[in-house]
Amino acid sequence: MHSRLIRCLIGALLTVIATMAPAQTAQQATPQTLQAVIAASDGGTIALVPGNYGSLSLRNLQATASAPLVIASADPAHPARFSRLALKGVSHLTLQDVVFDYTFQPGDAAHLRPFAIADSQGITISRSTFDGDNARGTGTAGDGFGTAYGLRVDRSADITVQNSQIFGFLRGIVVNDSQNVTVQDNDIHGMRSDGLNFAQVADAAILRNQIHDFRTADSTGDHADMIQFWTNGTTAPTRDVTIADNVLNAGAGRYTQSIFMRNDLVDRGLAGPEMFYRNITITGNVIINAHRHGITVGEADGLRIANNTLVQNAGAAGRTPDKPVWIPRITVAPASRNVTIARNVTSAVTGPAAQPDWSVTANLLVQNTARMQAGFYGQVFAPGVLQDTSRIQSFAPRPGGMLDGTGIGSPLLQTLR
C-alpha cells in the first residue's frame, strides 16, 4: 500500500508539472520566409501573417502523428492566400484558416488541378476557403462558368477536409485511389459540374455537408452531380463508405443528379461481383433537387439506404416539372446483394424485385402532381410548401400530417419544427 501511494503521488506531481509547462510558441512566417521556416521546422505551428503566398509546394516532408506540422493564418479574419498547392509524399500536415485562390489564366485546361495532394498521409484542411474562377476567352460553352478542380487527391490516406467553403470550380473535390477520407461540415456551391467525386476509395465518410446552388452550363455535355462515385478506370472496388446527414439542395440553381453511384464496369459487362461496391451506408440526408437520380446506386454488396428525404425543388426542374425524370427517387441495381431500403421519404423506389436478401420497408411515397391523391406534398410537409420548394424548412413534417411522428425521413427535418 505504501509503495502504491508513493507511485500515485509521483504520478499526480508529474501531471501538475506537465500542465504548468509553457505551450509551444508558434513560429511566424511571411510570404518571403515561409519556405525557410518550413525547412527548419520539426513539427509545431507556423503562423502566417496576412499576405499572398503564391504557390505552396512541399515534397517528401515527413512530420509525425505525435508532432504534426500545422500551417495556419495568424489572424483568421485576414487569412493567408495561396494560388497553388502541391503536396507529394507529405505526412501529418494541417492547413488551417487559409484561402486557396485560383485565378484563371489563358490556356488553362478545364480539368486543371491547381490544388493537389498525392502519395501523402495524415493531411487535414480545416476552416479554409477554395475560391474558384470562371473560364474566359476559350470560345467554348464553358466561358463564364467555373473551371478547374477545387482539390484533387490521389493515392493518399487519412485525408480530412472540414469546416471549409468550396465554390466556383468545374468540380469541387476529386478523390482517387485513397483510404480513410473524411469530407465533413463543408459548404460546397456554385459548381459547373460536380461537387464531390470518388473513385476506388476505402473507408470514406461524407458527413454534414451543405451542397447547393450549382451554376451548370448549357451545351457543355456536363452531367452535374452533387456527389458522384464511379468505377470506370479502377482496379479495386470502393468499400466502406458512409454518406450521412448532408443537405443537397438545388436552391436557386439548376437541377443536378444528387447522389449518383453508377457501377459502369459491372453494368457494361467489363467486371463481375469482384467490383461490386461494398458496405455502403446512405442515411439521414435531405435531397431537394429536380432530377430522378436522387439516390442511385449501381451493383453493390452490402447497401443500406435509410431515413433519407428526397423531394423536388420544382423551380430547378426542366420545362415539364411534373414528368418523372425531374422528380428525385431511389434507384438500386437489381443485381445488388444484401440491400436494406427503409424509412425513406421519396417519390419511388426502383430495383426491388423480391430478391431474397433485400429488405424494403416503411418507405413513404410522396408526390406533388395530384392534390387529391395520397402522399401529396400539402398533406405531408409544412404549410406553405407548395409556395416555396427551394428551402429546407418547407419540408419539415406538417403537424398532425401523415409524416409527423413516424420516424420516417431525415432526422434533420425534425429539428426544424
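Please read these numbers as outputs of a predicted model, since none were measured by experiment. (Residues numbered from 1 in each chain as written. Predicted model: local features only at pLDDT ≥ 70, side-chain atom pairs only at ≥ 80, totals over all residues. Heavy atoms only, no water.)

**Topic: the overall build of the protein**
Per the secondary structure count, the protein includes four helices and 35 strands. Relative to the 2.2 N^0.38 estimate, which gives 22 Å for 417 residues, the radius of gyration of the protein is 24 Å and therefore close to what a compact globule would have. Principal-axis analysis of the C-alpha atoms places the extent of the protein at approximately 75 × 70 × 45 Å. Looking at the protein as a whole, 53% of its 417 residues qualify as buried. Put simply, 59% of the contacts in the protein that link residues at least 6 apart link residues at least 24 apart. (Helix = DSSP H or I, 4+ residues; strand = E, 2+ residues; numbered from the N terminus. Rg over C-alpha atoms; globule rule 2.2 N^0.38 Å. Buried < 20%, exposed > 50% of the residue type's maximum accessible area, 1.4 Å probe, protein only. Contact = heavy atoms within 4.5 Å.)

**Comments concerning the packing of aromatic side chains**
The description of an aromatic ring pair uses the distance of the two centres, along with the angle that the planes make with each other. Scanning the model with the defined rule gives 11 aromatic pairs in all. Look at Y377 and F381: their rings are 5.3 Å apart centre to centre, the planes differ by 85°, and that puts the pair in the edge-to-face class. Across this residue pair, the class does not change: Y377 and F381 are buried. (Phe/Tyr/Trp six-rings, centres within 6.5 Å; stacked < 30°, edge-to-face > 60°.)

**As for the pairing of strand β19 (residues 194–207)**
Consecutive side chains along a regular strand alternate between the two faces of the sheet. The buried fraction of β19 amounts to 13 of the 14 residues, a majority that puts the element mostly inside the structure. Here β19 pairs with strand β21 (residues 225–230) via four bridges, running parallel. Bridge pairing in β21 links L196 to I227. (Pairing = 2+ DSSP bridges.)

**Considering the nonpolar core**
L48 and F229 are the most contacted members of the largest nonpolar core, which totals 74 residues. The dominant element in this core, judged by the number of residues it contributes, is β19, at five residues. If near-sequence neighbours (up to four positions away) are discounted, F229 is found in contact with F198, V201, I206, T238, V241, I243, F260, M261, R262 and Y277. Residues I288, L364, Y377 and V380 belong to the second largest nonpolar core, which totals 16 residues. (Core = buried A, V, L, I, M, F, W, Y, C linked by side-chain atoms within 4.5 Å.)

**Looking at the environment of D108**
Topologically, D108 is positioned in the loop between β8 (99–101) and β9 (115–118). Not counting residues up to four positions away in its chain, the partners in contact with D108 are Y102 and T103. Engagement of the side chain of D108 in a polar contact is seen with the side chain of Y102, the distance being 2.8 Å. (Polar contact = N/O pair within 3.5 Å; in protein donor to acceptor, adjacent residues only side chain to side chain.)

**Focus on the confidence of the model for the protein**
On average, the protein scores 93 in pLDDT, and the residues at 70 or more come to 94%. Note on residues 1–23: pLDDT is under 50 here. Beyond four places in sequence and across chains, it has zero contacts. (pLDDT = per-residue confidence, 0-100.)

**Observations regarding the pattern of salt bridges**
Summed over all chains, the structure comprises 11 salt bridges. Its salt-bridge partner being D222, residue R192 comes within 2.7 Å of it at the nearest N-O pair. Of this pair, R192 sits in the loop between β18 (187–189) and β19 while D222 sits in the loop between β20 (210–212) and β21, placing them 30 residues apart in sequence. A residue is classified by how much of its surface remains accessible, and D222, at 26% relative accessible area, is partly exposed. It is possible to trace a salt-bridge network through shared partners that takes in K88, D119 and R155. (Salt bridge = Lys/Arg side-chain N within 4 Å of Asp/Glu carboxyl O.)

**What about the side chain of D131?**
Within the element layout of this structure, D131 appears in strand β11 (residues 129–131). Among buried Asp, Glu, Lys and Arg side chains, D131 stands out as unpaired, with R81 the closest opposite charge at 4.3 Å. If we skip the residues at most four places from it in the chain, D131 touches R81, F100, D101, Y102, F167 and F169. (Lys, Arg positive; Asp, Glu negative; His and termini not counted.)

**Here we look at unusual backbone geometry**
The backbone phi angle of R127 is positive, close to 50°, even though this residue is not glycine. Unlike most non-glycine residues, R155 shows phi in positive territory, near 50°. By secondary structure assignment, the location of R155 is in the loop between β14 (149–154) and β15 (157–162). On the accessibility criterion, R155 (40% relative accessible area) is partly exposed.

**What about the environment of Q373?**
Mapped onto the elements, Q373 comes out in the loop between β35 (364–365) and α4 (377–380). Residue classification places Q373 among the exposed positions, given a relative accessible area of 52%. Those residues in contact with Q373, other than ones at most four positions away along the chain, are Q367 and Q379.

**A short note on the environment of I259**
Here I259 is to be found in strand β24 (residues 257–261). Judged by relative accessible area, which is 0%, I259 ranks as buried. Placed 37 residues apart in sequence, I259 and T296 show a C-alpha to C-alpha distance of 6.3 Å. Among all residues touching I259, those that are not within four sequence positions of it are I227, I243, L248, I282, N285, I287, H293, G294, I295 and T296.

**A look at the pairing of strand β7 (residues 91–96)**
Burial analysis of β7 places five of its six residues in the buried class, which makes it a mostly covered element. Bridge analysis of strand β4 (residues 69–73) against β7 gives four bridges, and the strand direction is parallel. When the bridges of β7 are listed, V70 appears paired with T94. The pairing of β7 with strand β10 (residues 121–126) spans five bridges and is parallel. Across the sheet, residue S91 finds its bridge partner in β10, namely Q121.

**Considering the side chain of D225**
If you trace the backbone, D225 turns up in strand β21. Comment: no salt bridge for buried D225; closest opposite-charge side chain is R171, at 7.4 Å. A polar contact is formed between the side chain of D225 and the side chain of Q228, at a distance of 3.1 Å. Once residues within four sequence positions are removed from consideration, D225 is found in contact with S193, D194, G195, F214, T256, Q257, S258 and F260.

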